Amino acid sequence: MASTFEHSSPAVCPACSVTPAAEALAEAPKDARLMLSLPGIHCAGCISTVEKALAQVPGVHEARVNLTLKRALVDAGPEVTAEDLVKVVESAGYEAHELDPGVLASTAADRSAKDLLMRLAVAGFAMMNVMLLSIAVWSGAEGVTRDMMHWISAAIVLPAIVFTGKPFYVNAWSALRHGRLNMDVPITLAIWLAVGTSLYETIHSGAHAYFDAAIALTFFLLAGRYLDYRTRASARSAAQELAAMEVPRALRLAETGTPETVGVGDLAVGDRVLVRPGGRVPVDGTVLEGTSEIDRALMTGESLPAFAGPGTAVSAGEVNLTGPLTVEVTAAGEDTALHRIADLVAIAESGRNNYTSLADQAAKLYAPGVHILSALAAIGWYLYTFDLRISLNIAAAVLIITCPCALGLAVPAVTTAASGRLFRKGMLIKDGTAMERLAEADTVVFDKTGTLTMGAPHPVGLDDLPVDAQGVALSLATVSGHPLAEALAGALRDMGRQPTPLTDLREVPGYGVEGKWNGRPVRLGRASWMGAEAPALTATFLQIGDEPPQAIPFTDSMRPGAAAAVAGLKANGLRVILVSGDTRGAVERFAAEIGIDEVMAEALPDQKAARVAELAEQGARVLMVGDGLNDTAALSAAHVSISPASALDAARVASDMVLLGKDLAPIADAFETSVKARARIRENFTIATVYNIIAVPFAIAGLATPLVAALAMSSSSITVSLNALRLR
Amino acid sequence: MEILLILIPVSLFLGAVGLVGFFWLLKRGQFDDPEGDANRILNGDYDDKPKR
């Protein structure tokens, strides 16, 4: 009986089963580890300023800045939120974004990078010792001494090569199992053929042992692999970082009407969510209560805010401007329009992945070529001498001398140097081949709102207003949190105006602000509110008494570095096009201001993507720069794409490179760097090929002593790395 | 040539010491923020809460 009673209790009171859990959560507040991205820090002064500012926040136990990763890790009590910390850092004068440490804890990636580094260290240790012993052999050790040197080398190299070469063996085996050849097959074959013949030679007191060459080959290749891995790991963490940048939270209204902060993932259809003015709508839904204006710029590219009242459908990603809205959830999390678009983008992206990089092209030529060459050499020598030992020795020499280590280093060394340079300039490269694709671009398509502009308007023509009207406008504007009102208030204050005292000030959410001035009603707000005709431009209206309303037009302020980026790209001979969802007048005026001749206005999201596809069909390689959800399709359709840090996460995920700061100027730099990087990669391939052309005849002729092999390998690898370093 | 019997083990031992030292540094996180550490020495501030 008792057990039945206990069983039924959760059904009787659903809240009972939830409450203890909630209490447990509330009672045991855990210290939080918060992570901030700081794209702007660069010096010792920045470190101490940011750390001091963070340490002064009550509740923060410890704050540590990592300059290499441009991040701050903060240990703080549960009452501290990342939002507060971002504000603190921003008031200290540095740009900051919140990162989700849970997503960033890419322990698996870290572990394999450390694993590669450990193998590299072991290979380096073994190589140095074996080289030391080999010097004795090269300088003429004979007989028992030579044998002893060979045996010691074998004792060092055998365990070392089994351990350090594992990544190559695993890759080679998986390629062979699927009936393919990759770079790792000739590498594995070369290593084991060299070790095998050397061991045989050592047992029979032979003169030539290639232990040093085998371990040196492994060392150089591991170095290339490690660099490659680091670029890719940073690319992967970039994608994670970007997903983490927008940490989604929502204010859910409980039955009693009290709001509680929950993760967006915990919301269900039918929940009611409070969206405060200035907040981003976390879900798709319908407005139940409240009137306001919503900024749809990220979704549609319109710079003019739209009216929202009961019954208006809102989507995730839109920004609520003036009044609080209660929204009933119709779709949350994975089902929102925003997520569906992100999924579409993922599908579009997978279609683009068939790009063949320069490294792949080289590997395709190289792998079969080397095998055929060494097999031919072995067969030729066998037919000539009928001595299997000599022919195998020659085959090993050919495989080692054709040294894929320069090829293995050619691309990763360059991409590491180039992406390091771009990271310092404020750009993250998310995709390994993005740099090569960027170098091929000949057309640039820019989005306007939020990309070339800050997405923040500023008023123009304020001098046309009478001085007392300016004072009235200032007092009205200070009441509202609407971005147009804030911009207007800021601009008027900068002009030195003082607010005129007004009475009965109140905000009418969704419409504007009204008050009384010397007994006359005054209003600042939407055109329709005052019966004026809405103009094509972004504008707010001021009405004093019965006078006709006066328009105060706004233009969007240009992003810093936008003009420099456009000019830089044009100077490099690229065709620059502006495509925007905004009205024709606004777009054309802006294009003239920034110096872009080709314009496409009032473009819908699919029209943007279609325009990019059309350009691609005409043979253009398009670089798309955009930030909004309406750009994501175009971003993934383009040959290569860039988005600013302020972009919506869907757009950042869709693009290949991300700007870390507000400045757009690194785009032109990135293009120049990528062109240089591609040239360096080509040079490196040429260097490696020239080495092979010189060295291979020696190997086939049987003249490749271990000394020649060691010299050829080291010098080609070092030349290639130094050539790559010229990029920094 | 008997000297080799001493020198080779000694060189191997010294190399191994370096290798173990490198692993130790890697584990201690000495390579986590090389740029930051290079800049921190220029910092004139006193550390009020040094790590123990």
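Structural data are supplied above this passage.
Now for a quick tour of the structure. Nothing here was measured: the structure is a model prediction, and the numbers come from that model.

Here we come to helix H8 (residues 166-177) of chain A. All names here are of chain A. Spanning 12 residues, H8 covers 16 Å between terminal C-alpha atoms, matching the ideal 16 Å at 1.5 Å per step. Taken as a whole, H8 has its buried residues at Phe 168, Tyr 169, Ala 172 and Ala 175. The buried residues of H8 occupy an angular sector of 135° when the element is viewed end-on, so they sit on one face. Seen from the open side of H8, the exposed residues pointing more than 90 degrees away from its buried face are Trp 173 and Arg 177.

Take the interface of chain B and chain A next. Accessible area lost on assembly of the parts is the figure often given for the size of an interface. Contacts between the two partners involve 24 residues from chain B and, on the opposite side, 27 residues from chain A. Taking both partners together, chain B and chain A bury about 2,000 Å²; carbon and sulfur atoms supply 65% of that area. Joining chain B to chain A, the criterion identifies two salt bridges. Here B:Asp37 ties to A:Arg64 by a salt bridge, and the two come within 3.9 Å at their closest N and O atoms. Summed over the shared surface of chain B and chain A, the result is two residue pairs in polar contact (both at pLDDT 80 or more). Sorting the residues of the side of chain B that touches chain A by element identifies helix H1 (3-28) and helix H2 (34-40) of chain B as the ones contributing at least two each. Ranked by residues supplied to the side of chain B that touches chain A, first place goes to H1(B) with 10 residues. The residue inventory of the side of chain B that touches chain A, partitioned by class, reads 11 nonpolar, five polar and eight charged.

Here the focus is the packing of aromatic side chains. Residues and elements named next belong to chain A. A complete count under the given rule lists five aromatic pairs over all chains for this structure. Aromatic pair Tyr 169 and Trp 192: ring centres 5.9 Å apart, planes at 50°, arrangement tilted. With Tyr 169 in helix H8 and Trp 192 in helix H9 (residues 184-203), this residue pair connects regions lying 23 residues apart in the sequence. Among the residues examined, Tyr 169 registers a relative accessible area of 17% and is labelled buried. Aromatic pair Tyr 382 and Phe 386: ring centres 5.7 Å apart, planes at 65°, arrangement edge-to-face.

Examined against the element boundaries, A:Ala609 turns out to sit in helix H22 (residues 605-617). Other than its neighbours up to four places away in sequence, A:Ala609 contacts A:Ala633 and A:Ala634.

Residues and elements named next belong to chain A. Reading across from one edge, S14-S26-S25-S24-S15-S22-S23 is the order of the seven strands in this open sheet, with mixed pairing throughout. In this open sheet, the two strands that pair with only one neighbour each are strand S14 (427-429) and strand S23 (598-600). On average, adjacent strands in this sheet sit at an angle of 20° to one another, irrespective of strand direction. The strands touched by helix H25 (residues 666-700) are S14, strand S15 (443-447), strand S24 (622-625), strand S25 (640-643) and strand S26 (657-659); relative to S14, the strand with the most contacts, the crossing angle is about 45°.

Residue and element names in this part refer to chain A. By the definition in use, this model includes 19 salt bridges over all chains. Here Asp 115 ties to Arg 119 by a salt bridge, and the two come within 3.2 Å at their closest N and O atoms. Residue Asp 115 and its partner Arg 119 are located together in helix H6 (residues 107-138), separated by four residues, close to a single helical turn. With relative accessibility at 29%, the residue Asp 115 sits in the partly exposed group. Taking the shortest distance from any N to any O, the salt bridge between Glu 683 and Arg 680 comes out at 3.3 Å. Within this pair, Glu 683 and its partner Arg 680 are both found in helix H25, separated by three residues, close to a single helical turn. Taking the relative accessible area as the measure of exposure, Glu 683 reaches 29% and is therefore partly exposed. In this structure, a network of salt bridges that share partners links the residues Arg 575, Glu 598, Arg 611 and Glu 614.

This next bit is on the packing of helix H18 (residues 467-479) of chain A against helix H19 (residues 483-494) of chain A. Residues and elements named next belong to chain A. Here H18 crosses H19 at 135°, and the two axes come no closer than 8 Å. Regarding the angle of H18 to H19, the classification is oblique. In the packing of H18 onto H19, the handedness of the crossing is left-handed. On H19, the residues touching Gln 470, Ala 473, Leu 474, Ala 477 and Thr 478 of H18 are Ala 485, Leu 488, Ala 489, Leu 492 and Arg 493. Counted by class, the contact of H18 with H19 contains seven nonpolar, two polar and one charged residues.

Rules behind the numbers
- Residues numbered from 1 in each chain as written.
- Chains lettered and ligands numbered in written order.
- Predicted model: local features only at pLDDT ≥ 70, side-chain atom pairs only at ≥ 80, totals over all residues.
- Heavy atoms only, no water.
- Helix = DSSP H or I, 4+ residues; strand = E, 2+ residues; numbered from the N terminus.
- Expected span 1.5 Å × (residues − 1).
- Buried < 20%, exposed > 50% of the residue type's maximum accessible area, 1.4 Å probe, protein only.
- Arc of directions from axis to C-beta.
- Contact = heavy atoms within 4.5 Å.
- Buried area = accessible area lost by both parts, 1.4 Å probe.
- Salt bridge = Lys/Arg side-chain N within 4 Å of Asp/Glu carboxyl O.
- Polar contact = N/O pair within 3.5 Å; in protein donor to acceptor, adjacent residues only side chain to side chain.
- Nonpolar A, V, L, I, M, F, W, Y, C, P; charged D, E, K, R; others polar.
- Phe/Tyr/Trp six-rings, centres within 6.5 Å; stacked < 30°, edge-to-face > 60°.
- Pairing = 2+ DSSP bridges.
- Axes fitted to C-alpha atoms, helices over the stretch in contact; angles between N-to-C directions.
- Parallel < 35°, antiparallel > 145°, perpendicular 65-115°, else oblique.
- Left-handed = near helix turned anticlockwise from the far one by under 90°.

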